[in-house]
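Each chain, written out:
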Amino acid sequence: MFVPAQRIPVMVNPNGEFIAIGNYAFNRPQFHALLRYVWLGGYPRWAYDVRPAYVVEMAAAAKASVHPLIVGIAFS
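Small disclaimer: the values here were computed from a predicted structure and weren't measured.

## A short note on the side chain of Ser-65
(1) Moving on: Position of Ser-65 relative to the elements: it lies in the segment after α2 (53-64).
(2) Moving on: With a relative accessible area of 19%, Ser-65 lands in the buried category.
(3) Moving on: At a separation of 3.0 Å, a polar atom in the side chain of Ser-65 contacts the main-chain amide nitrogen of His-67.
(4) Moving on: If sequence neighbours within four positions are ignored, Ser-65 has contacts with Ile-70 and Val-71.

## Concerning the pattern of salt bridges
(1) Moving on: Inspection of the entire model under this criterion finds 1 salt bridge.
(2) Moving on: Here Arg-51 and Asp-49 are joined by a salt bridge, their closest N and O atoms 3.5 Å apart.

## Some thoughts on the pairing of strand β2 (residues 18-21)
(1) Moving on: In terms of strand pairing, strand β1 (residues 10-12) meets β2 through 3 bridges, oriented antiparallel. The partner of Val-12 across the bridge, within β2, is Ile-19.
(2) Moving on: What sits between β1 and β2 in their antiparallel hairpin is a turn of 5 residues, with Gly-16 showing a positive phi close to 75 degrees.
(3) Moving on: For β2 and strand β3 (residues 24-27), the ladder comprises 4 bridges, and the chain directions are antiparallel. Bridged to Ile-21 within β3 is Tyr-24.
(4) Moving on: The hairpin turn running from β2 into β3, its antiparallel successor, is 2 residues long, and Gly-22 in that turn takes a positive phi close to 60 degrees.

Here is what the cut-offs are and how they apply
Residues numbered from 1 in each chain as written. Predicted model: local features only at pLDDT ≥ 70, side-chain atom pairs only at ≥ 80, totals over all residues. Heavy atoms only, no water. Helix = DSSP H or I, 4+ residues; strand = E, 2+ residues; numbered from the N terminus. Buried < 20%, exposed > 50% of the residue type's maximum accessible area, 1.4 Å probe, protein only. Polar contact = N/O pair within 3.5 Å; in protein donor to acceptor, adjacent residues only side chain to side chain. Contact = heavy atoms within 4.5 Å. Salt bridge = Lys/Arg side-chain N within 4 Å of Asp/Glu carboxyl O. Pairing = 2+ DSSP bridges.

So this is what it looks like as structure tokens:
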């Protein structure tokens with residue numbers, strides 16, 4: 001069963017200390033942890049440690065970002 005796509009509001013405060021994605025709010029360290037969790041593949045991890053292209057692109061965009069919310073993130 002599929003549900004139609006819906007817009008999810010994303011709000012970031014100007015200094016990058018917090019982000020809200022729908023009803024979920026994260027501070028900067030929590031958001032970095034969330035992105036690292038996606039990078040690792042969540043649980044049970046990516047099969048054979050092979051990440052999908054969209055995850056590789058996400059990490060590259062995050063590493064290149066100068067936005068205060070994302071700058072300095074490490075995917076190791």
